[in-house]
Amino acid sequence: MTDVAIVSFAQTDHQRALPGINEVEMVQPVIQQALDGVGATISDIDFTCSGSSDYLAGQAFSFVMTLDAVGAWPPIAESHVEMDGAWALYEAWLKIQAGHADTALVYGYSKASPGDLPRVLSRELDPYYQGPLWPDSVAVAGLQARQMLDSAMITEAEMAEIAFRNRQSAANNPHAQLRGSAPVQELLAQDYLSNPLRKHDCPPITDGGCAIVLAAGDKAREWVDRPAWLRGIDHRIDSHNFGGRDLTVAPSIAIAAEKAGVSGDIDVAEVHAPFSHQEKIVITGLGLSDSVEVNPSGGALAANPMMAAGLVRLGEVARRIMSAEIDRGVAHATGGQLLQQNLVAVLEGE
Amino acid sequence: MSEDRTISALPDGLWTQPQPSVPSGDDTVSEVQRIRTPASFVYDFTPGRAPSRFLRGLAEKKILGEKCPVSGDVYVPSRGMSPVEGLPTTEAVEVGPKATITSFCVVHIGFGENAPPTPFVSALILPDGAAVSLYGTILGIPHGDVRIGMRVEPIWLPDDQLSTSFENITHWEPIDEPDVPAEQLKGHM
């Protein structure tokens with residue numbers, strides 16, 4: 001295996017809506033910042049891969065427009081996933097493992113503001129049985145929370161505590177959208193948004209993006225003093241059929257965690273759990289002990305740029321390793337509804 | 001046992017796919033071969049800074065491109081980036097309205113409500129001062145007489161119908177100027 005590291009990370013100041021600018025105007029400064037972070041230009045990059053979604057942009061082949069931000073002429077080696085940028089990072093990692101690249105630029109982005117996000121996300125569901133019923137993403141997450149509550153796996157107070165902790169942590173994150181939270185008792189006094197979910201249990205709707213530079217071996221050491229090495233990375237999928245799985249667990253997370261090598265001392269875990277109750281499923285799946293600090297950035301409950309929030313988790317762990325704040329961390333990204341697809345990575349300093 | 005069927009609405013069908021097969025042995029369930037699940041969304045489209053300048057220019061019958069800060073090349077219409085440098089464009093520059101055909105095709109199957117009667121010519125059109133070509137329709141000349149290098153100008157909607165839309169240019173027509181040699185158009189498609 002080739003040693004591959006994250007060597008640079010940049011993200012937008014995530015916001016509810018960026019009405020004046022288009023996607024490429026939004027993401028170009030972040031790509032520029034990630035490249036500048038290691039003094040690189042696009043000519044130093046062997047492979048570029050992005051994650052975005054036409055359903056969010058409301059436009060076919062929307063990612064092609066955004067390629068203007070990387071200077072794709074003369075032609076570059078480039079690919080795209082209709083998924084979170086974390087899966088674009090996985091593709092870039094494979095490209096490096098295959099010996100086809102030593103360096104890679106990865107980015108993920110979306111503007112969720114142009115459309116009606118909870119309804120747009122209903123198009124992630126199967127087109128025969130679930131999609132035609134148009135269940136919005138909050139209602140679908142509510143089914144999962146209800147199953148957990150009824151199985152005594154979580155309480156509404158625990159859910160509020162998870163939301164509170166994440167948003168209080170985000171108070172120290174200048175890029176977060178929701179920074180700080182009302183006290184738990186106040187949260188629990190609120191009406192339901194979609195029973196059993198209250199507003200605080202749900203992620204914000206976000207416009208934003210992020211970019212990461214990957215490098216192999218000596219190139220990573222040349223670019224930065226302390227690369228954030230990807231010691232393991234794996235992604236797995238649970239059934240898309242809600243009726244075919246126990247919604248209170250996500251076995252794909254446990255498998256991905258085992259394959260990625262989640263064990264031993266872990267300082268920080270950045271997990272991609274858009275809804276409060278989902279954090280408990282993810283932490284359980286990863287098998288993390290209570291001593292692990294979870295989501296010092298505030299996680300997806302503080303800023304949830306679709307197609308980027310998973311890649312941000314990798315970037316947040318890498319940033320803390322590169323700055324020598326921590327030695328070892330776990331990053332988790334999810335895709336689809338109800339934690340259907342999961343990617344887990346273990347990152348480490350030298 | 002499967003037989004190809006056409007799935008295209010085009011004349012005679014251009015593509016086929018296999019006939020769906022029906023499981024045998026269960027006559028209690030009537031076969032469902034096809035369901036329709038219509039979906040539509042309304043989006044508040046954000047053109048962005050540079051495309052907004054382009055669209056506002058069109059409302060004044062101006063074609064505005066955006067200048068690359070490094071090469072000086074003017075891109076039109078622009079999303080606000082130089083695709084060669086990966087850098088934001090810095091200056092809006094008016095190009096045209098006179099222009100040159102850099103490539104074209106004769107269209108025999110029209111799509112859409114506003115398509116001209118077939119056959120007609122779709123072309124890539126390089127406005128004077130621009131580095132890349134715009135897409136447009138050529139009318140006012142028999143389609144067999146259209147040439148690469150031919151000089152054209154835009155035909156606009158009446159002033160009282162102008163809006164912030166590319167449809168302000170209904171089509172392009174030839175003007176009485178000598179053709180531009182094809183070698184001068186290389187790299188400007």
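Residues numbered from 1 in each chain as written. Chains lettered and ligands numbered in written order. Predicted model: local features only at pLDDT ≥ 70, side-chain atom pairs only at ≥ 80, totals over all residues.

**Looking at the overall build of chain A**
Step number 1: Per the secondary structure count, chain A includes 13 helices and 12 strands.
Step number 2: Across its three principal axes, chain A shows a C-alpha extent of roughly 55 × 45 × 35 Å.
Step number 3: Looking at the 350 residues of chain A, the share that counts as buried comes to 57%.
Step number 4: Of the contacts made within chain A by residues no fewer than 6 positions apart, 80% connect residues no fewer than 24 positions apart. (Helix = DSSP H or I, 4+ residues; strand = E, 2+ residues; numbered from the N terminus. Buried ≥ 20, exposed ≤ 12 C-beta atoms within 10 Å, placed from the backbone. Contact = placed C-beta atoms within 7 Å.)

**A closer look at the environment of A:Tyr129**
Step number 1: Secondary-structure assignment places A:Tyr129 in the loop between helix H5 (117–120) and helix H6 (137–150).
Step number 2: Sequence separation between A:Tyr129 and A:Ala254 is 125 residues; the distance between their C-alpha atoms is 28 Å.

**Considering the interface of chain B and chain A**
Step number 1: Between chain B and chain A, the residue contacts involve 20 residues of the former and 26 residues of the latter.
Step number 2: Across the side of chain B that touches chain A, the residue classes tally to 11 nonpolar, five polar and four charged. (Nonpolar A, V, L, I, M, F, W, Y, C, P; charged D, E, K, R; others polar.)

**Comments concerning the sheet that holds strand S1 (residues 4–11) of chain A**
Residue and element names in this part refer to chain A.
Step number 1: Pairing is mixed in the open sheet, where 10 strands are placed in the order S3-S2-S4-S7-S1-S8-S12-S11-S9-S10. With one partner strand each, in any of the chains shown, strand S3 (78–81) and strand S10 (293–294) form the two edges of the open sheet.
Step number 2: In this sheet, S3 lies alongside strand S2 (residues 47–51) in parallel orientation, the contact comprising four bridges. Paired with Cys49 across the strands is Ser79, a residue of S3.
Step number 3: Each of S1, S2, strand S4 (103–111), strand S7 (207–216), strand S8 (228–237), strand S9 (268–270), strand S11 (328–335) and strand S12 (341–348) is contacted by helix H13 (residues 309–322), which is oriented at about 170 degrees to S11, the strand it contacts most. (Pairing = 2+ DSSP bridges. Axes fitted to C-alpha atoms, helices over the stretch in contact; angles between N-to-C directions.)

**Let's talk about the confidence of the model for chain B**
Step number 1: Taken as a whole, chain B shows an average pLDDT of 87; of its residues, 86% reach a score of 70 or greater.
Step number 2: Quick note on the complex model: pTM equals 0.91, ipTM equals 0.85. (pLDDT = per-residue confidence, 0-100.)

**Some words on the nonpolar core**
Step number 1: Formed by 116 residues in total, the largest nonpolar core has its most connected members in A:Ile6, A:Leu89, A:Val106, A:Ile212, A:Leu214 and A:Leu347.
Step number 2: In this structure, A:Leu347 is in contact with A:Ile6, A:Ala228, A:Trp229, A:Leu230, A:Arg231, A:Val317, A:Ala318, A:Ile321, A:Gly329 and A:Ala331, ignoring residues within four places of it in sequence.
Step number 3: Among the nonpolar cores identified, the runner-up in size contains 24 residues, and B:Cys68, B:Val76, B:Val121 and B:Ala123 belong to it. (Core = buried A, V, L, I, M, F, W, Y, C linked by C-beta atoms within 7 Å.)

**Focus on the environment of A:Val312**
Residue and element names in this part refer to chain A.
Step number 1: As for its position among the elements, Val312 is in helix H13.
Step number 2: Its 33 C-beta neighbours within 10 Å are what place Val312 among the buried residues.
Step number 3: Residues Val312 and Glu279 lie 33 residues apart in sequence; the distance between their C-alpha atoms is 16 Å.
Step number 4: Once residues within four sequence positions are removed from consideration, Val312 is found in contact with Gln11 and Cys210.

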